[in-house]
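# Descriptive structure summary
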Number of protein chains: 2
Amino acid sequence: MKKKLSPLAYSRQPKMAVELKVPLKSKEDLSLAYTPGIAAVAKLTAKNPAATFRYTFRRNNLAVISEGSAVLGLGNIGHFGAYPVMEGKAMLFKKFANIDAIPLVVKTQDPDEFIRVVENIADSFAAINLEDIAAPNCFYIEEKLKKKLSIPVMHDDQHGTATVVLAAVLNALTLFPKKGKKTRIVIVGAGAAGLAIAELLLHYGFKNLILVDSRGIISSKRPDLNFYKKRLSKITNPENICCSLPDALKGADIFIGVSRAGVLKPEWIGLMNSQPLVIAMANPVPEIMPEEAKKAGAALVATGRSDFPNQVNNALAFPGIFRAAIDYRKQINEKMLLAAAKAIVNYHRSRLSSSNLMPSILDPRVHQVIARAVGKVCS
Amino acid sequence: MKKKLSPLAYSRQPKMAVELKVPLKSKEDLSLAYTPGIAAVAKLTAKNPAATFRYTFRRNNLAVISEGSAVLGLGNIGHFGAYPVMEGKAMLFKKFANIDAIPLVVKTQDPDEFIRVVENIADSFAAINLEDIAAPNCFYIEEKLKKKLSIPVMHDDQHGTATVVLAAVLNALTLFPKKGKKTRIVIVGAGAAGLAIAELLLHYGFKNLILVDSRGIISSKRPDLNFYKKRLSKITNPENICCSLPDALKGADIFIGVSRAGVLKPEWIGLMNSQPLVIAMANPVPEIMPEEAKKAGAALVATGRSDFPNQVNNALAFPGIFRAAIDYRKQINEKMLLAAAKAIVNYHRSRLSSSNLMPSILDPRVHQVIARAVGKVCS
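Summary of the structure given here. Each chain has its residues counted from 1, running along the sequence as written. Lettering for chains starts from A, numbering for ligands starts from 1, and both go in the order in which the items are written. Local features in this predicted model are restricted to residues of pLDDT 70 or higher, and side-chain atom pairs are both shown and tallied only at a pLDDT of 80 or more, whereas totals for entire chains, interfaces and linings draw on every residue. Computation of side-chain values: all heavy atoms of the structure, hydrogens and water removed.

### Focus on the overall build of chain A
Each helix and strand counted, chain A has 16 helices and eleven strands in total. Computed over the C-alpha atoms, the radius of gyration of chain A is 22 Å, within 12% of the 21 Å expected from 2.2 N^0.38 for a compact globule of 379 residues. Seen along its three principal axes, the alpha-carbon backbone of chain A occupies a region of about 75 × 55 × 40 Å. Each residue is placed in one exposure class: buried if its accessible area under a 1.4 Å probe, protein chains only, is under 20% of its type's maximum, exposed if it is over 50%, and partly exposed if it falls in between. Counting across all 379 residues of chain A, residues that qualify as buried make up 61%. In chain A, of all internal contacts separated by at least 6 residues, the share reaching a separation of at least 24 is 66%. What sets the accessible areas is the Shrake-Rupley method with a 1.4 Å probe; for residues, cover comes only from the shown protein chains. Put simply, chain A shows about 14,200 Å² of open surface, and 53% of that area lies on carbon and sulfur atoms. Secondary structure is summarised from DSSP: a helix means a run of H or I of at least four residues, a strand means a run of E of at least two, and numbering begins at the N terminus for each. For the radius of gyration, the atom set is restricted to C-alpha positions; the globular benchmark scales as 2.2 Å times the number of residues to the power 0.38. Here, two residues are considered to be in contact whenever any of their heavy atoms come within 4.5 Å of each other.

This is the structure we're talking about:
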């Protein structure tokens, strides 16, 4: 058996590399790969920029970009801390979607300067995966870049997470049917992931969402909301429920946590409707540990972790979404996210159980199925 | 025999790719390459940025960057036109120096904004090869970036060219000895390459250089010089020779052309000292065709082209220089360029002839020899 490596020892070895796909052995090879032959390609792409997608590395080149303001659960540790995470994500892109992804970190955390930098280098890439950028800057940055750039852009912490959570919710509701689109869903955490989950669930058609941030339930009465929370305050919490998380949980069907360890007290699960469903995504320690939640009456518990059953992991969504977006050269939109979520649900239907809520990200077929489904709404 | 591809057909196939160097097959692999294992690496690099050189892809990752203002001999064709050339160069880096190089183009041609962009992304790379940037911006950009960044930076059009030209001059002088460091050398073209060649020849110790630009000989009397030409006007042309190229060539020993096709008239070669040496680097058509130069009395002719004998090609210099600069994490300086030029000369000594002036860039050993020689002056 192979010796188990520590995370640091593992990363001391080269994990990815650039490799040539054509031989460079003769003068003739060189004259095609570089001068003088490359001049013909340069003239073509100068005249017709879109030819870069057909004649160059750009065709399949994605940048995984961060400025390090919200790295994993480690917070604002800066761009040097973000770099290894971007590399890891680039590896997943290659493995699951055969995308040539490269890690890239940007020094500035000023959102406008960050946008200028990305805009200036974007023509080198087929797509851009924004990563680990803190709210609310992440919303502003993504919105602006989507407008400015003609290539697909997605902040995965938002939309990759939203996509897999929607799939998890749909699967959970297949196992434990509730009130359909009127199911009451409480989302705790109103950062990048929380707001994107709310948007996508609303887009899917759910009508009764309650968002809760560190100061309590988000309602139209709250005077302290940023632009993005305010926007959501108008279309969530239809009964205008006030105050704190336990108030939101009274009569709720589903708890979704994208906040921090220990936020969900076991006794509060008793406040929820019968057969309450718990998706506790805080990383590395979930809002409630699965054992505790079960003991307190949860009918189903999912987390973000691979060492518990029912892992809800965005690595299930982003490879296929970007594969399709790159292949169809299509800006990523909610229709594509919905298609990805539904593809996950359909693919997993025959294997679905309360201890097997989601497909494994190691199943290569699931990524192909998602890419195909997303591709269908691209064309 | 393989069918000969056109340059466009050649570039329609994928020429380079990102590849994984470790398997990603099990949950354990994933937990080391990405979360949760990567958090340990992220914490380390956040605290100690230099650890990115030991634990991440950055260790061997070079960016070949242009804004497209002087692409090959095609002029200012913009960043889309530059992209295929950057990719070709990245391939040579991989082939000759095993450097994981990626092509990157920047939209802006404003030098200060370009500098800001590169500065903002530089912490993703082990080194930066600036490429195909027009003079005089290339001087300003390189100077500023070398000051601002702690990683090696080199504008190859300047210093790669200067290095191989110095090696070619030294080899030519071994075959046809002249007046040692007092040899009169005329450099035609005072852009990126011409000025860098002059600087390096001066640094080596040559005392009698004459630079010629499109308006004539550069002397301290010329009122129309930019900052960079002015600086050189003070340390070249010691006899204060005036006027045009033929005036400069009277009594000259070596002609170096980095200008454009046809600049050197055959009859002017007769103005030079006996056994005149001609290094005509304009691309794709040299300042004079080798046959013509020979007929007019040149003792030796070299060009930048692979289809004539005596190719003087910067691909001989930049792989080894950057290999050493990355391995020793050392800013590139003139000492390193001199070491590279001398390594080329030493390596080729036993094979040197007037029809075999330089080693072949396809000889893998020459790049290793250069890297080793440059490494010695790094430590």
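### Some points on the packing of helix α5 (residues 78–97) of chain B against helix α14 (residues 318–328) of chain B
All names here are of chain B. Note on method: axes are straight lines fitted to C-alpha atoms, helices fitted across the in-contact stretch only, with angles between N-to-C directions ranging 0 to 180 degrees. Two elements in contact, α5 and α14, have axes separated by 9 Å at closest approach and are oriented at 70 degrees. Comparing their axes, α14 and α5 come out roughly perpendicular. Of the residues in α14, those in contact with Lys89, Leu92, Phe93, Phe96 and Ala97 of α5 are Phe318, Pro319, Phe322 and Arg323. Of the residues in the contact of α5 with α14, the class split is seven nonpolar, no polar and two charged. Convention used here: angles under 35 degrees read as roughly parallel, angles over 145 as roughly antiparallel, angles from 65 to 115 as roughly perpendicular, and any remaining angle as oblique. Under this grouping Gly is polar, as are all residues other than the nonpolar Ala, Val, Leu, Ile, Met, Phe, Trp, Tyr, Cys and Pro and the charged Asp, Glu, Lys and Arg.

### Thoughts on the packing of helix α9 (residues 192–204) of chain A against helix α15 (residues 334–348) of chain A
Each pair of packed helices gets described by two things: the angle between the helix axes and the distance between those axes. Residue and element names in this part refer to chain A. Between α9 and α15, the least distance of the axes is 11 Å, while the angle of their chain directions is 80 degrees. In this view, α9 runs roughly perpendicular relative to α15, as classed from their interaxial angle. Contacts between α9 and α15 pair Glu199, Leu200, His203 and Tyr204 from the former with Glu334, Leu337, Leu338 and Lys342 from the latter.

### A closer look at the relation of the copies chain B and chain A
Fitting of the copies onto one another was done by least squares over C-alpha atoms, counting residues only where both copies have pLDDT of at least 70. Mapping chain B onto chain A leaves a residual RMSD of 0.0 Å; the transformation is a rotation of 180 degrees accompanied by 0.0 Å of translation along its axis. Look at the turn and shift together and you get a two-fold axis relating the two. Ranked by how close their C-alpha atoms come to the rotation axis, the residues of chain B are headed by Val18 of chain B, at 2.3 Å. Here 100% of the interface residues in chain B have copies in chain A that are interface residues too; the copies meet face to matching face.

### Topic: the state of the cysteines
All names here are of chain A. Disulfide: a pair of cysteine sulfur atoms within 2.5 Å of each other. Counted by the stated rule, this structure contains two disulfides over all chains. Each sulfur in the disulfide pair Cys242 and Cys243 lies 2.4 Å from the other. Note on the Cys242 and Cys243 pair: the S-S dihedral is about 70 degrees, so by sign convention the disulfide is right-handed. For Cys242, a relative accessible area of 44% gives the class partly exposed. Taking the relative accessible area as the measure of exposure, Cys243 reaches 44% and is therefore partly exposed.

### Topic: empty space enclosed by the protein
Take a probe with the size of a water molecule and roll it over the atoms, and the empty space left behind shows itself. Definitions used for this entry: grid spacing 1 Å over protein atoms alone; cavity, a set of points where a 1.4 Å probe fits but cannot get out; pocket, an open set with protein on both sides within 12 Å along at least 5 of 7 lines; lining residue, one with an atom within 4 Å of a point. Grid points are joined across faces, edges and corners, and a volume is the space filled by probe spheres set on the points. Inspection of every chain in the model, using the stated rule, returns one cavity of 30 Å³ or more. For the largest cavity, the calculated volume is near 30 Å³. Only α6 (111–121) of chain A together with α6 (111–121) of chain B provide two or more residues apiece to the lining of the largest cavity. Ranked by residues supplied to the lining of the largest cavity, first place goes to α6 of chain A with four residues. Here the lining of the largest cavity is built from residues that sort into two nonpolar, one polar and four charged.

### Regarding the interface of chain B and chain A
Taken together, the 88 residues of chain B in the interface contact 89 residues of chain A. Only one rule defines a salt bridge in this text: a Lys or Arg side-chain nitrogen within 4 Å of an Asp or Glu carboxyl oxygen. In this structure, the connection of chain B to chain A is made through four salt bridges. Between Lys107 of chain B and Glu119 of chain A there is a salt bridge, and its shortest N-O distance comes to 3.5 Å. Polar contacts, as counted here, are pairs of nitrogen or oxygen atoms within 3.5 Å of one another; within protein the pair requires one atom able to donate a hydrogen and one able to accept it, and residues that are adjacent in sequence qualify only if both atoms are side-chain atoms. Summed over the shared surface of chain B and chain A, the result is 36 residue pairs in polar contact (both at pLDDT 80 or more). Elements supplying a minimum of two residues to the side of chain B that touches chain A: α1 (7–12), β1 (16–20), α2 (27–33), α3 (38–47), α4 (52–55), α5, β3 (100–105) and α6 of chain B. Top element by residues in the side of chain B that touches chain A is α5 of chain B. It accounts for 14 residues.

### Considerations on the nonpolar core
Side-chain atoms within 4.5 Å are what join buried Ala, Val, Leu, Ile, Met, Phe, Trp, Tyr and Cys residues into a set we call a nonpolar core. Ile187 and Ile256 of chain A together with Ile187 and Ile256 of chain B are the most contacted members of the largest nonpolar core, which has 250 residues in total. If we skip the residues at most four places from it in the chain, Ile256 of chain B touches Val165, Val169, Ile185, Val186, Ile187, Val188, Ile197, Leu201 and Ile279 of chain B.

### Some words on the sheet that holds strand β5 (residues 153–155) of chain A
Adjacent strands of a sheet pair through backbone hydrogen bonds, lying either parallel or antiparallel. All names here are of chain A. Two strands pair under a simple rule: DSSP has to find at least two bridges between them. Strand order in the open sheet formed by four strands is β3-β2-β4-β5, and the pairing between neighbours is parallel. Only two strands of the sheet have a single neighbouring strand rather than two, namely β3 (100–105) and β5. On average, each strand axis in the sheet is tilted by 20 degrees relative to the strand beside it, whichever way the strands run. The pairing of strand β2 (residues 61–66) with β3 spans six bridges and is classified as parallel. Within β3, the residue paired with Ser66 across the bridge is Val105.

### A few points about the sheet that holds strand β7 (residues 208–213) of chain A
Residue and element names in this part refer to chain A. Pairing is mixed in the open sheet, where six strands are placed in the order β8-β7-β6-β9-β10-β11. Each edge of the sheet is formed by a strand with only one pairing partner; in this case those strands are β8 (216–217) and β11 (300–303). The sheet contact formed by strand β6 (residues 184–188) and strand β9 (residues 254–257) spans four bridges and is parallel. In the strand pairing of β9, Val188 is matched with Gly257. The strands touched by α9 are β6, β7 and β9; relative to β7, the strand with the most contacts, the crossing angle is about 175 degrees.

### Remarks on the pattern of salt bridges
This structure, assessed with the given rule, holds 34 salt bridges over all chains. A salt bridge links Asp123 of chain B to Arg58 of chain B; the shortest N-O distance between them is 3.9 Å. Within this pair, whereas Asp123 of chain B is found in the loop between α6 and β4 (127–130), its partner Arg58 of chain B is found in the loop between α4 and β2 (61–66), the two being separated by 65 residues in sequence. Accessibility assignment for this pair places Asp123 of chain B and Arg58 of chain B in one class, buried. Lys89 of chain B is paired through a salt bridge with Glu131 of chain B; the nearest N and O atoms lie 2.9 Å apart. Note that Lys89 of chain B is positioned in helix α5 and Glu131 of chain B in the loop between β4 and α7 (137–148), a separation of 42 residues in sequence. Taken individually, Lys89 of chain B and Glu131 of chain B each receive the classification buried, so the pair is uniform in this respect. In this structure, a network of salt bridges that share partners links the residues Asp213, Arg215, Arg222, Asp224 and Lys229 of chain A.

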